[in-house]
Structures are given as C-alpha cells and as structure tokens.
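Chain by chain, the residues:
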2 protein chains.
Amino acid sequence: MFNLLYKKISAITPVNEEEFDYFKTFFILKKLRKRQYFLQEGDVCKYQAFVVKGLLRSYTIDGKGSDHILQFASEGWWMADLSSYLTNDPSFLNINALEDVELLLLTRPKWEQAMKEIPALEHYFRIIIQNHLVSTQKRLLQSLAETAEEKYHRFLATYPECVQRVPQHMVASYVGVSRETLSRIRKQAAERK
Amino acid sequence: MFNLLYKKISAITPVNEEEFDYFKTFFILKKLRKRQYFLQEGDVCKYQAFVVKGLLRSYTIDGKGSDHILQFASEGWWMADLSSYLTNDPSFLNINALEDVELLLLTRPKWEQAMKEIPALEHYFRIIIQNHLVSTQKRLLQSLAETAEEKYHRFLATYPECVQRVPQHMVASYVGVSRETLSRIRKQAAERK
DNA sequence: AAATAAATGTGACGTATATCACATTTATTT
DNA sequence: AAATAAATGTGATATACGTCACATTTATTT
C-alpha cells in the first residue's frame, strides 16, 4: 500500500523508517471505480490524493460546456484542486477516475502537521511542487507558442504511457484542441508516414 | 535594500533576526538599466533574482519570431528561468528589464545551503512556489477556456498595477493575443461604455 | 449475446483571430 | 529641440481551427 509512496519520497530525500511509519498514520485509504468522482465543482477539496493504482483526471467545464483537462495522475502522482485545498474555497475543478483507483488521502491539517513534524517532508513537497511548476510553465508557453499539431506531438513524446490509457478526446482536451481537429491531425500524420 | 525581502518572508513565516542577517550574506546586489538582459536564451540561469525595485519580464521567442511572455516581476517578486536554474541546462527564456531594476541575486548552491541551514526558508520557498503553481494553473486553464477578450479583461482585473507599467503589446503577448487584436478589443470595450 | 453507451471519423461550413501593410502617436536618445 | 526609435491604431485579407451533423467503430453494461 505504502511502498510506492516510500519509494517516491526516498527518491527525493532520505526518510528514516520511524518517521515514515508515523507519516503513514496520517492517511485515509480510498477506492473509486471508473467514472466515480473524487471532487465535483462547487465542493471544497478536503483531501489531496496520492495515486497508488489507476488513473485520475482534473478538469473544468467552460461557459459553452466544453471541458478542459488540467492534469492526469497515474500511479505515484499526487492529485488535488490545490487552490481549493489551500483556501477552502469551492472548487472550479472536477476530478474523477478514468480507471478504478486506489488512493491515499491526506487532509490539509494532517499535511501541515506532517511537514512541521518531519522537515524532510517539507523538503519533499517543495521539490515536487517545484517540478510541477516547471512542467506547468512549459506547458503554458507551449500552448501559447505552438500549433495544434506541434502540441499534440509534444504530448505524445512527453507522456507516451498516458496515451495508451486515455481516450483520444481527453488528449484533445488536455492539449487544447477539439476532438475533431485531433482526429484530422492523426490522419494526416498517418498518411505522411 | 533587504527590508522588502524581510517583509515578504515574515508575511509567510517567522524568521529571527539572526537567521535573516545570515541569509543576507548569501546575496549579490545587481542593477540593470531598462532594456538590459538578465538572461539570454542559450545561457544557463545561474541566479534567481528578488526584485527590490523596477520591473522584469521573462519570455520565449517561437519559430516565427513572435515572443510569448511567461512572467512579469515587480518589487517583491522572484524571477528566474526555474528550469534552467535547477537543471543547469541552457535556457529557452530571455529575461530583461522593462524599467531600471535593483536585484538581489542568489545562486543555486547558496539557495540550497540557505534552505538547509534555515528550515523557515524551505517553508517560505515551498509556500511561494506553491502559490506560483496555483496561479500558473489558473492561467493555463483560462488560456484554454476563455476568448481573447475574456483573457484580457481578466488580466486587467488580476494585475491592475501591471497594466500601468507595461506597454500594451506586452500585455498582448502575456495574454496570448496579437497586438492588433488587443488594440481592437480595447476599442470595442471603449465604445460599449 | 443483445442492448446501450462511449469514442472516433469525416464532410460542409463558420468564425475568431492572425497576418500584412501602412499611418499616426508617443517615448527616448543625442 | 531634432532626430530616431518604440508603440499603437486600423483596414484588407488569410487561415487554422472550431462547430454541427451524422455515420461508424469500439467498449461497457445487463
């Protein structure tokens, strides 16, 4: 259950076993079936989730009813509506399971307590948040600078495993292109080869 | 010189004076005149900069020669190409001064050392990076979900001070719209009023 | 195994926004 | 104060991509 989390943390910073055993007690285990919601727009995001198994997505729905995916999270990644989690404001995001998932949930107070009591954890979270920021900045600039086709191919190159597990129209939604356009881009690319 | 930095840090976490005096010794003071570069594409980003006075921007130039602004940083904000700073890879970003600036520079090794020796600083940086991530995620979703006009007006609402100090075509570049389109959006909005 | 739902493909058409080109206004430099 | 450079405005035209509508294929549920 906690092996993956342990592995992920120690890849970044040494944690002694005692500390980690203590940290374990902070979590709540949660399972969701495919299509179930972890968070719905308007609710407050009370937990962040470490994905032990399966795949989640977070997304907004715009005024016209189209959805835009912010993030996918598979095994070893964290998922939450950070903004709502930190402010306790109602969420603008939806988060649901794309496959059956097993999650380790951590409330905000427990999270803060853990980081306070175990400095290595503050370091760990600083690093992963920092990495997350770097990749989000890259994605933002790419969304400004690149064409639909370039964005799609960069997505393929960056998240090859994800493409196997996620339906095409969600890749389109993540990349910022309509599903029809993505279908045409793929056709062209196939013909060129 | 360091007053603003002290204020900014203590707004987030208590720091005792001794620690802060020690932290001070880690910085290099740097002044740049308007239009001068802090970082040029291809160079490694050796410093992150705390802006004491003035205004900076970071941006990429795409294949067609258009530029896309990632960030503005005025008094009290940090600026760097985080990716290059962390990896030592050549930067894809340019950073230059939009006004004469005074900066406090911090190298990567000094930064790491400071956070290691003063745990409050790791906390401080975790928080500001986290806030930065939240706002970047919002901006990303808005860039996917909103029209040019909505994006512009949201920019006005979010960064009213910035609009006073930054030329219009850079606002356009930040928002992800051509300068001509922004000019027309403004005309329309003025007519409607 | 049938029934239902989800995902994908594809043509016809529409539109928001980019691009180009030049004029005008506003800053900056010498 | 003149000269030069930067920024903005505006029309005409182009285009990448979205939207709509329906057919086809592939999963999921009962």
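Counting starts from 1 at the beginning of each chain's written sequence and moves along it residue by residue. The naming scheme follows written order: chains are lettered A onward, ligands numbered 1 onward. With the structure being a predicted model, the display of local features is reserved for residues of pLDDT at least 70 and the display and counting of side-chain atom pairs for 80 or more, all residues being used for whole-chain, interface and lining totals. Note that water and hydrogens are dropped before the side-chain values are worked out from all heavy atoms of the structure.

## What about the state of the cysteines?
Here a disulfide denotes a covalent bond joining the sulfur atom of one cysteine to the sulfur atom of another. Residues and elements named next belong to chain A. Our working rule: Here, a disulfide means two cysteine sulfur atoms that sit within 2.5 Å of each other. Exposed residues in this analysis have more than 50% of their type's maximum accessible area, buried residues have under 20%, and partly exposed residues fall in between, with area computed by a 1.4 Å probe over protein chains only.
This structure, assessed with the given rule, holds zero disulfides over all chains. Looking at Cys-162, it has no disulfide partner, and the nearest cysteine sulfur is the one in Cys-45, 20 Å off. A relative accessible area of 9% places Cys-162 in the buried class.

## Notes on the protein's contact with DNA strand D
Worth spelling out the cut-off: A single heavy atom is enough: if one lies within 4 Å of a molecule or strand, its residue is considered near that molecule or strand. We define a polar contact as two N or O atoms separated by no more than 3.5 Å, with the added condition that, inside protein, one atom must be a possible hydrogen donor and the other a possible acceptor, whereas residues neighbouring each other in sequence contribute only through side-chain atom pairs. Secondary structure is summarised from DSSP: a helix means a run of H or I of at least four residues, a strand means a run of E of at least two, and numbering begins at the N terminus for each.
Lining the immediate environment of DNA strand D, one finds 20 residues, of which Lys-34 and Thr-181 of chain A together with Gln-168, His-169 and Arg-184 of chain B sit closest. Among the atoms of DNA strand D lying within 4 Å of the protein, the sugar-phosphate backbone contributes 55%. Contact distances for DNA strand D include 3.3 Å between a base nitrogen and a side-chain N or O atom of Glu-180 of chain A. Listed by contribution, the elements that provide at least two residues to the surface near DNA strand D are α9 (179-192) of chain A together with α8 (168-175) and α9 (179-192) of chain B.

## What to know about helix α4 (residues 108-117) of chain A
Definition in use: The arc refers to the directions leading from the helix axis to the C-beta atoms. Contacts: residue pairs with any heavy atoms within 4.5 Å of one another.
Of all the residues in α4 of chain A, the buried ones are Trp-111, Ala-114 and Met-115 of chain A. The buried residues of α4 of chain A occupy one face: seen down the axis, they fall within an arc of 95°. Away from its buried face by more than 90 degrees, α4 of chain A exposes Pro-109 and Lys-116 of chain A. Where α4 of chain A is buried, its residues touch α2 (17-24), β3 (47-53), α3 (82-87), β8 (101-107) and α5 (119-145) of chain A together with α5 (119-145) of chain B.

## A word on the interface of chain B and chain A
Reports often express the size of an interface as the amount of accessible area lost when the parts come together. What counts here: Throughout, the accessible surface (probe 1.4 Å) given up by two parts as they are put together, summed over both, is called the buried area. By definition here, a salt bridge exists when the distance from a side-chain nitrogen of Lys or Arg to a carboxyl oxygen of Asp or Glu is within 4 Å.
Facing 33 residues of chain B, the contacting portion of chain A comprises 33 residues. Both faces considered, chain B and chain A share a buried interface measuring about 3200 Å² in area, 71% of it formed by carbon and sulfur atoms. Viewed at the interface, chain A and chain B are joined by four salt bridges. As a salt-bridge pair, Arg-126 of chain B and Glu-112 of chain A come within 3.7 Å of each other at their nearest N and O atoms. Applying the counting rule to chain B against chain A returns six residue pairs in polar contact (both at pLDDT 80 or more). Here the element with the most residues in the side of chain B that touches chain A is α5 of chain B; it accounts for 18 residues.

## Concerning the sheet that holds strand β2 (residues 37-39) of chain B
All names here are of chain B. Condition: Only strands joined by at least two bridges in the DSSP assignment are considered to pair. Each axis is a line fitted through C-alpha atoms, taken for helices only over the stretch in contact, and angles between the N-to-C directions span 0 to 180 degrees.
Sheet architecture is open: four strands sit in the order β2-β7-β4-β5, paired in antiparallel fashion. Edge positions in the open sheet fall to β2 and β5 (67-73), since each of these has one partner strand only. The sheet shows a mean angle of 30° between the axes of neighbouring strands, taken without regard to direction. Note that strand β4 (residues 56-61) and strand β7 (residues 94-97) share four bridges and pair antiparallel. Within β7, the position partnered with Arg-57 by the bridge is Asn-96.

## Let's talk about the domain arrangement of chain A
Residue and element names in this part refer to chain A. Let me state the cut-off plainly: An automatic or database domain assignment is the source of the domain bounds shown. Each residue is assigned to one of three groups, with Ala, Val, Leu, Ile, Met, Phe, Trp, Tyr, Cys and Pro labelled nonpolar, Asp, Glu, Lys and Arg labelled charged, and all others, Gly among them, labelled polar.
According to the domain assignment, chain A consists of domain 1 (3-144) and domain 2 (146-193). Counting residues at the interface gives 17 residues for domain 1 and 10 residues for domain 2. Here domain 1 and domain 2 share an interface that buries about 1200 Å² over both sides, 55% of which is from carbon and sulfur atoms. Taken together, the connections running from domain 1 to domain 2 amount to two salt bridges. Element by element, the count of residues in the side of domain 1 that touches domain 2 is highest for strand β5 (residues 67-73), at six residues. Taken together, the residues of the side of domain 1 that touches domain 2 sort by class into six nonpolar, six polar and five charged.

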